[in-house]
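Inside the fold
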Number of protein chains: 2
Amino acid sequence: MKKQYLEDMSVGQKFGSGSYVVEAGEITAFAAEFDPQPFHLDDQAARDTFFGGLAASGWHTASISSRLLIDSEFQPAGGIVGLSVDELRWKKPVRPGDELRVETEILELRRSRSKPTHGVVKARITTTEQNEEVVQSYVLHLLALHRPEAND
Amino acid sequence: MKKQYLEDMSVGQKFGSGSYVVEAGEITAFAAEFDPQPFHLDDQAARDTFFGGLAASGWHTASISSRLLIDSEFQPAGGIVGLSVDELRWKKPVRPGDELRVETEILELRRSRSKPTHGVVKARITTTEQNEEVVQSYVLHLLALHRPEAND
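Residues numbered from 1 in each chain as written. Chains lettered and ligands numbered in written order. Predicted model: local features only at pLDDT ≥ 70, side-chain atom pairs only at ≥ 80, totals over all residues.

1. Remarks on the overall build of chain A
- Along chain A, the regular secondary structure elements total 4 helices and 6 strands.
- If one aligns the C-alpha atoms of chain A with their principal axes, the spans along those axes are about 60 × 30 × 20 Å.
- Counting all 152 residues of chain A, 38% fall into the buried class.
- A fraction of 71% describes how many contacts in chain A between residues 6 or more apart in sequence connect residues 24 or more apart. (Helix = DSSP H or I, 4+ residues; strand = E, 2+ residues; numbered from the N terminus. Buried ≥ 20, exposed ≤ 12 C-beta atoms within 10 Å, placed from the backbone. Contact = placed C-beta atoms within 7 Å.)

2. Points about the interface of chain A and chain B
- Taken together, the contacts link 28 residues of chain A with 28 residues of chain B.
- Among the elements of the structure, α1 (24-34), α4 (58-70) and β3 (81-90) of chain A are those that each provide at least two residues to the side of chain A that touches chain B.
- For the side of chain A that touches chain B, the element with the most residues is β3(A), which contributes 9 residues.
- Sheet analysis places β3(A) next to strand β3 (residues 81-90) of chain B, joined by 4 bridges and oriented antiparallel. Its bridge partner being in β3(B), Ser84(A) is matched across the sheet by Arg89(B). (Pairing = 2+ DSSP bridges.)

3. Quick look at the relation of the copies chain A and chain B
- Laying chain A over chain B is done by rotating through 180° and shifting 0.0 Å along the axis; what remains is an RMSD of 0.0 Å. In the structure described here, the two chain copies are related by an operation that fits a two-fold rotation axis. Across chain A, the rotation axis passes nearest the C-alpha of Asp86(A), at a separation of 2.3 Å.
- Of all interface residues in chain A, 100% are interface residues in chain B too; the two copies therefore contact each other through one and the same surface. (Least-squares fit on C-alpha atoms with pLDDT ≥ 70 in both.)

4. Looking at the environment of Phe51(A)
All names here are of chain A.
- With respect to the secondary-structure elements, Phe 51 resides in the loop between α3 (43-46) and α4.
- Residue class for Phe 51 comes out partly exposed when judged on the 19 C-beta atoms lying within 10 Å of it.
- Taking C-alpha positions, Phe 51 is 9.9 Å from Arg 95, a pair spaced 44 residues apart along the chain.

5. Some remarks on the environment of Ser137(B)
All names here are of chain B.
- Here Ser 137 is to be found in strand β6 (residues 134-145).
- By C-beta crowding, Ser 137 is classed as partly exposed, having 18 other C-beta atoms within 10 Å.
- Measuring from C-alpha to C-alpha, the distance between Ser 137 and Glu 73 comes to 18 Å, with 64 residues separating the pair along the chain.
- Excluding residues within four positions of it along the chain, Ser 137 makes contact with Arg 89, Lys 91, Arg 124 and Thr 126.

6. Examining the nonpolar core
- In terms of nonpolar packing, the biggest core is built from 66 residues, with Leu69(A), Leu142(A), Leu69(B) and Leu142(B) touching the most fellow members.
- The residues contacting Leu142(A), other than those within four sequence positions of it, are Pro76(A), Ile80(A), Val81(A), Gly82(A), Leu83(A), Val121(A) and Ala123(A). (Core = buried A, V, L, I, M, F, W, Y, C linked by C-beta atoms within 7 Å.)

7. Structural notes on α1(A)
- Residues of α1(A) that are buried: Ile27(A), Phe30(A), Ala31(A) and Phe34(A). Buried positions in α1(A), seen along its axis, are confined to an arc of 100° and lie on one side of it. Turned more than 90 degrees away from the buried face of α1(A), the exposed residues are Gly25(A) and Ala32(A).
- Close packing links the buried residues of α1(A) with α2 (38-41) and α4 of chain A together with α4 (58-70) of chain B. (Arc of directions from axis to C-beta.)

8. Looking at α4(B)
- With 13 residues, α4(B) should cover 18 Å at 1.5 Å per step; its first-to-last C-alpha distance of 18 Å lies within 8% of that length.
- Of all 13 residues making up α4(B), 13 are buried, and the element is well covered by its neighbours. (Expected span 1.5 Å × (residues − 1).)

9. A look at unusual backbone geometry
Residues and elements named next belong to chain A.
- Its identity as a non-glycine residue notwithstanding, Glu 132 has a phi of 65°, on the positive side.
- If you trace the backbone, Glu 132 turns up in the loop between β5 (118-128) and β6 (134-145).
- Look at Glu 132 and you get exposed, because 7 C-beta atoms sit within 10 Å.

10. Examining the environment of Asp48(B)
Residue and element names in this part refer to chain B.
- Positionally, Asp 48 belongs in the loop between α3 (43-46) and α4.
- For Asp 48, a count of 10 C-beta atoms within 10 Å gives the class exposed.
- With 10 residues separating them along the chain, Asp 48 and Pro 38 place their C-alpha atoms 9.5 Å apart.

Pasting the structure below:
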């Protein structure tokens, strides 16, 4: 896919992704390593908790969303280098069998104050499941490159 | 460790964690699954990038921080159920051999508007490396339980 420079992006532009089905075994394996709490480890133990059944760790949802984003139509030149994340919300638990997709929407583009070759892209990254309900959403600030010709 | 109810927490309170050394092999394994970009996958390929050498994915740093948090002195009754994250900043790349720790500072405590048994804790979660430089910081809103006696 063609790499995108700042000059190729515009506010309101949207980029889709492929999809990924989350399996119960991955939910519990991720949790055992990074978020070992009953509601992420065991469906039976999860029944008596806030979640009412096995649910993926929010950090697992964020990590799967990262993979979908990297493989998506959004291909900034120089890669996706995140500077910061705001408004990260887990709106709905991710359950075994959920099929996730990611959409990127450009919210703002600006020149870097310090680096003339760089700019900053502000984008909303939204993860939905198979019924198009939002499971996660956040605002990402990432570095992007100006098209080299523009600086000659 | 004794589980903490809202009544056991106060603004300004701090909770420490153990430490965790991040190995190069874990950085590249996490990246291969969740953030396959050259600067997270291969030290040689990373040299020509923004990072100047192998660096952990920000989502890996967040996930390791989650594990340190779960095992830390901060032990809310009912577990750590994150509702949202704001101001997530990756201030310094995490490199192979870095030894990470997490500190939780309570910023705000409030009653839940909808659930009388619950409240919301606002806390800053800061991850530092072996030289006490901050590598990551965020503000977490999480559910917490009132001590049951208070509701009798």
